[in-house]
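Next come the chains, spelled out residue by residue.
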Amino acid sequence: MSDLTIWGRTNSINVQKVLWACEDMNLPFHRIDAGMEYGVNKTEEYKNKNPNGLVPTIDDDGFILWESHSIMRYLTRKFDQHKALYPEDLQICAKIDQWLDWYNTVGWPPMRTLFWGWIRTPEDQRNLKDLESTRQAFVQTMAILDQALSKSPFIAGNVFTIADIPLALLCYRWYNLPIERPVMKYLDAWYVRVQARPGFQKYSTAPLT
Ligand SMILES: N[C@@H](CCC(=O)N[C@@H](CS)C(=O)NCC(=O)O)C(=O)O
(Lines give C-alpha, C1' and ligand atoms only; values in the text may rest on other atoms or scores of the structure.)
Protein backbone atom coordinates (compact mmCIF):
# COMPACT_ATOMS: atom_id res chain seq x y z
CA MET A 1 0.00 0.00 0.00
CA SER A 2 1.38 3.44 -0.86
CA ASP A 3 0.58 6.87 0.53
CA LEU A 4 1.80 8.80 -2.47
CA THR A 5 0.93 12.34 -3.57
CA ILE A 6 2.07 13.74 -6.91
CA TRP A 7 1.89 17.46 -7.71
CA GLY A 8 1.71 18.33 -11.39
CA ARG A 9 -0.53 19.02 -14.37
CA THR A 10 -1.09 16.04 -16.67
CA ASN A 11 0.09 17.84 -19.83
CA SER A 12 3.61 18.33 -18.43
CA ILE A 13 6.13 15.93 -19.96
CA ASN A 14 7.97 15.64 -16.64
CA VAL A 15 4.79 14.83 -14.75
CA GLN A 16 3.79 12.33 -17.45
CA LYS A 17 7.03 10.38 -16.88
CA VAL A 18 6.08 9.81 -13.23
CA LEU A 19 2.41 9.05 -13.94
CA TRP A 20 3.43 6.53 -16.61
CA ALA A 21 5.86 4.77 -14.26
CA CYS A 22 3.11 4.53 -11.60
CA GLU A 23 0.62 3.16 -14.12
CA ASP A 24 3.03 0.48 -15.31
CA MET A 25 3.50 -0.61 -11.69
CA ASN A 26 -0.19 -0.40 -10.85
CA LEU A 27 0.75 1.99 -8.07
CA PRO A 28 -2.10 4.08 -6.62
CA PHE A 29 -1.53 7.76 -5.93
CA HIS A 30 -3.29 11.02 -5.24
CA ARG A 31 -2.53 13.77 -7.79
CA ILE A 32 -2.86 17.52 -7.24
CA ASP A 33 -2.99 19.81 -10.29
CA ALA A 34 -0.11 22.28 -10.21
CA GLY A 35 1.83 24.32 -12.77
CA MET A 36 0.92 26.89 -15.43
CA GLU A 37 -2.80 27.73 -15.29
CA TYR A 38 -3.24 25.82 -12.01
CA GLY A 39 -0.62 27.88 -10.15
CA VAL A 40 0.28 26.22 -6.80
CA ASN A 41 3.94 25.67 -7.79
CA LYS A 42 4.96 29.27 -7.15
CA THR A 43 3.45 29.44 -3.64
CA GLU A 44 5.71 29.52 -0.58
CA GLU A 45 4.10 26.31 0.66
CA TYR A 46 5.00 24.47 -2.54
CA LYS A 47 8.47 26.02 -2.75
CA ASN A 48 9.18 24.74 0.74
CA LYS A 49 8.85 21.30 -0.81
CA ASN A 50 10.44 22.10 -4.18
CA PRO A 51 12.51 25.32 -4.19
CA ASN A 52 12.62 25.25 -8.01
CA GLY A 53 8.89 25.92 -8.17
CA LEU A 54 8.55 23.27 -10.89
CA VAL A 55 6.48 20.13 -11.31
CA PRO A 56 6.53 17.26 -10.55
CA THR A 57 7.09 16.90 -6.82
CA ILE A 58 6.08 13.84 -4.79
CA ASP A 59 5.35 13.20 -1.14
CA ASP A 60 5.70 9.52 -0.30
CA ASP A 61 4.51 9.12 3.25
CA GLY A 62 6.38 12.30 4.28
CA PHE A 63 9.38 11.81 1.99
CA ILE A 64 9.58 14.73 -0.47
CA LEU A 65 11.32 14.35 -3.84
CA TRP A 66 11.56 16.36 -7.06
CA GLU A 67 13.27 15.84 -10.46
CA SER A 68 11.25 13.48 -12.64
CA HIS A 69 14.05 11.00 -13.32
CA SER A 70 15.00 10.76 -9.66
CA ILE A 71 11.34 10.22 -8.82
CA MET A 72 11.04 7.41 -11.39
CA ARG A 73 14.16 5.75 -9.98
CA TYR A 74 12.96 6.05 -6.40
CA LEU A 75 9.43 4.80 -7.04
CA THR A 76 10.49 1.85 -9.17
CA ARG A 77 13.17 0.84 -6.67
CA LYS A 78 10.62 0.94 -3.90
CA PHE A 79 7.47 -0.38 -5.57
CA ASP A 80 8.34 -2.38 -8.71
CA GLN A 81 7.86 -5.90 -7.42
CA HIS A 82 9.28 -7.42 -10.60
CA LYS A 83 12.43 -5.23 -10.52
CA ALA A 84 11.97 -4.89 -14.27
CA LEU A 85 11.57 -1.15 -14.84
CA TYR A 86 14.87 -0.31 -13.11
CA PRO A 87 16.66 -3.64 -12.69
CA GLU A 88 19.34 -4.20 -10.07
CA ASP A 89 21.98 -5.32 -12.57
CA LEU A 90 24.76 -2.71 -12.36
CA GLN A 91 25.38 -2.42 -16.08
CA ILE A 92 21.72 -2.32 -17.10
CA CYS A 93 21.22 0.40 -14.47
CA ALA A 94 24.18 2.32 -15.88
CA LYS A 95 22.72 2.14 -19.39
CA ILE A 96 19.35 3.36 -18.10
CA ASP A 97 21.05 6.28 -16.35
CA GLN A 98 23.06 7.04 -19.48
CA TRP A 99 19.89 7.45 -21.56
CA LEU A 100 18.09 9.42 -18.85
CA ASP A 101 21.05 11.83 -18.77
CA TRP A 102 21.13 11.91 -22.59
CA TYR A 103 17.48 12.86 -22.64
CA ASN A 104 18.18 15.82 -20.31
CA THR A 105 21.33 17.05 -22.02
CA VAL A 106 20.87 16.16 -25.71
CA GLY A 107 17.30 15.07 -26.44
CA TRP A 108 15.08 17.56 -24.64
CA PRO A 109 16.79 20.97 -25.25
CA PRO A 110 16.12 21.07 -29.03
CA MET A 111 12.67 19.52 -28.58
CA ARG A 112 11.88 22.25 -26.06
CA THR A 113 12.62 24.85 -28.77
CA LEU A 114 10.45 23.00 -31.30
CA PHE A 115 7.63 22.42 -28.82
CA TRP A 116 7.49 26.03 -27.60
CA GLY A 117 7.86 27.36 -31.15
CA TRP A 118 5.12 25.23 -32.69
CA ILE A 119 2.70 24.78 -29.79
CA ARG A 120 3.09 27.70 -27.40
CA THR A 121 4.05 30.59 -29.71
CA PRO A 122 1.38 32.43 -31.71
CA GLU A 123 1.75 31.77 -35.45
CA ASP A 124 2.67 35.37 -36.30
CA GLN A 125 5.49 35.35 -33.73
CA ARG A 126 7.21 32.11 -34.81
CA ASN A 127 10.82 32.28 -35.96
CA LEU A 128 10.51 29.78 -38.83
CA LYS A 129 14.19 29.99 -39.78
CA ASP A 130 15.32 29.02 -36.26
CA LEU A 131 12.64 26.34 -36.04
CA GLU A 132 13.81 24.80 -39.31
CA SER A 133 17.48 24.72 -38.27
CA THR A 134 16.47 23.18 -34.92
CA ARG A 135 14.37 20.59 -36.77
CA GLN A 136 17.33 19.65 -38.96
CA ALA A 137 19.61 19.31 -35.93
CA PHE A 138 16.96 17.27 -34.14
CA VAL A 139 16.84 14.78 -37.02
CA GLN A 140 20.51 14.04 -36.23
CA THR A 141 19.60 13.63 -32.54
CA MET A 142 16.85 11.16 -33.40
CA ALA A 143 19.28 9.31 -35.67
CA ILE A 144 21.36 8.53 -32.55
CA LEU A 145 18.31 6.86 -31.01
CA ASP A 146 17.49 5.04 -34.24
CA GLN A 147 21.02 3.65 -34.39
CA ALA A 148 20.90 2.54 -30.74
CA LEU A 149 17.54 0.86 -31.28
CA SER A 150 18.93 -1.11 -34.22
CA LYS A 151 20.88 -3.11 -31.61
CA SER A 152 18.20 -3.89 -29.01
CA PRO A 153 14.39 -3.83 -28.86
CA PHE A 154 14.36 -1.29 -26.01
CA ILE A 155 16.81 1.50 -25.33
CA ALA A 156 18.65 -0.14 -22.42
CA GLY A 157 18.46 -3.71 -23.70
CA ASN A 158 15.94 -6.48 -24.14
CA VAL A 159 13.24 -5.23 -21.79
CA PHE A 160 11.24 -2.04 -21.33
CA THR A 161 12.69 0.16 -18.56
CA ILE A 162 12.24 3.67 -17.19
CA ALA A 163 14.78 4.87 -19.78
CA ASP A 164 12.19 4.24 -22.50
CA ILE A 165 9.60 6.48 -20.82
CA PRO A 166 11.08 9.98 -21.37
CA LEU A 167 12.28 8.97 -24.83
CA ALA A 168 8.80 7.78 -25.81
CA LEU A 169 7.30 11.04 -24.55
CA LEU A 170 9.91 12.94 -26.55
CA CYS A 171 8.96 10.92 -29.62
CA TYR A 172 5.26 11.55 -29.05
CA ARG A 173 6.02 15.26 -29.47
CA TRP A 174 8.29 14.57 -32.46
CA TYR A 175 5.61 12.54 -34.23
CA ASN A 176 2.84 15.00 -33.46
CA LEU A 177 4.41 18.35 -34.30
CA PRO A 178 3.45 19.73 -37.73
CA ILE A 179 6.97 19.23 -39.12
CA GLU A 180 8.77 17.05 -41.65
CA ARG A 181 10.34 13.82 -40.37
CA PRO A 182 12.42 11.21 -42.17
CA VAL A 183 11.44 7.55 -41.76
CA MET A 184 13.61 5.92 -39.10
CA LYS A 185 13.14 2.19 -39.26
CA TYR A 186 14.24 1.16 -35.77
CA LEU A 187 12.91 4.20 -33.95
CA ASP A 188 9.52 3.84 -35.65
CA ALA A 189 9.31 0.13 -34.75
CA TRP A 190 10.29 0.80 -31.11
CA TYR A 191 7.71 3.59 -30.91
CA VAL A 192 5.00 1.07 -31.88
CA ARG A 193 6.24 -1.24 -29.08
CA VAL A 194 6.25 1.45 -26.36
CA GLN A 195 2.79 2.69 -27.32
CA ALA A 196 1.42 -0.65 -26.12
CA ARG A 197 2.40 0.18 -22.52
CA PRO A 198 -0.53 1.04 -20.21
CA GLY A 199 1.21 4.21 -19.03
CA PHE A 200 1.60 5.50 -22.56
CA GLN A 201 -2.03 4.93 -23.38
CA LYS A 202 -3.32 6.54 -20.22
CA TYR A 203 -1.06 9.56 -19.85
CA SER A 204 0.78 10.33 -23.06
CA THR A 205 -1.79 10.71 -25.75
CA ALA A 206 -3.31 14.05 -24.73
CA PRO A 207 -3.19 16.77 -27.40
CA LEU A 208 -0.04 18.87 -27.21
CA THR A 209 -0.79 22.08 -25.33
N1 LIG B 1 14.29 18.72 -14.48
C2 LIG B 1 12.96 18.86 -13.97
C3 LIG B 1 12.21 19.83 -14.87
C4 LIG B 1 10.84 20.20 -14.31
C5 LIG B 1 10.13 21.20 -15.22
O6 LIG B 1 10.77 21.93 -16.01
N7 LIG B 1 8.80 21.22 -15.11
C8 LIG B 1 8.01 22.15 -15.89
C9 LIG B 1 6.83 21.41 -16.54
S10 LIG B 1 7.35 20.22 -17.74
C11 LIG B 1 7.39 23.20 -14.99
O12 LIG B 1 7.21 22.98 -13.81
N13 LIG B 1 7.06 24.36 -15.56
C14 LIG B 1 6.40 25.43 -14.84
C15 LIG B 1 4.91 25.25 -14.76
O16 LIG B 1 4.34 24.25 -15.23
O17 LIG B 1 4.29 26.16 -14.22
C18 LIG B 1 12.29 17.48 -13.93
O19 LIG B 1 12.69 16.60 -14.71
O20 LIG B 1 11.39 17.24 -13.11
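In this text, all values refer to a predicted model and were calculated from it rather than measured experimentally.

Colleague: Give a detailed account of the layout of surface pockets, specifying residues and quantitative values.
Modeller: Looking at the largest pocket, its volume works out to about 630 Å³. Looking at the largest pocket, it is lined by 28 residues, and the ones nearest its centre are R9, S12, N14, L54 and V55. At 6 residues, helix α4 (residues 90–119) tops the list of elements feeding residues into the lining of the largest pocket. Partitioning the lining of the largest pocket into residue classes produces 10 nonpolar, 11 polar and 7 charged. Two domains each donate at least three residues to the lining of the largest pocket, and these are domain 1 (4–79) and domain 2 (90–202). Residue lining of the second largest pocket: 14 residues in total, with D24, M25, D80, Q81 and H82 positioned closest to the centre.

Colleague: I'd like a description of the pairing of strand β1 (residues 4–7), backed by residues and values.
Modeller: Side chains L4 and I6 of β1 all project onto a buried face; the interleaved residues T5 and W7 project onto the opposite face, where all are buried too. Here β1 runs beside strand β3 (residues 57–60); their pairing, made up of 4 bridges, is antiparallel. Pairing of L4 across the sheet is with D60, part of β3. Bridge count for β1 against strand β2 (residues 30–32) is 3 bridges, and the pairing is parallel. Looking across to β2, one finds that I6 is bridged to R31.

Colleague: Pulling in residues and values, what's your account of the pairing of strand β4 (residues 63–66)?
Modeller: Sheet analysis places β3 next to β4, joined by 4 bridges and oriented antiparallel. When the bridges of β4 are listed, T57 appears paired with W66. Linkage of β3 to β4, two consecutive antiparallel strands, is achieved through a turn of 2 residues, within which D61 is found at a positive phi near 50°.

Calculation criteria
- Residues numbered from 1 in each chain as written.
- Predicted model: local features only at pLDDT ≥ 70, side-chain atom pairs only at ≥ 80, totals over all residues.
- Heavy atoms only, no water.
- 1 Å grid on protein atoms, 1.4 Å probe; cavity = no way out; pocket = protein on both sides within 12 Å on 5 of 7 lines; lining within 4 Å.
- Points joined across faces, edges and corners; volume = space filled by probe spheres on them.
- Helix = DSSP H or I, 4+ residues; strand = E, 2+ residues; numbered from the N terminus.
- Nonpolar A, V, L, I, M, F, W, Y, C, P; charged D, E, K, R; others polar.
- Domains from an automatic or database assignment.
- Buried < 20%, exposed > 50% of the residue type's maximum accessible area, 1.4 Å probe, protein only.
- Pairing = 2+ DSSP bridges.

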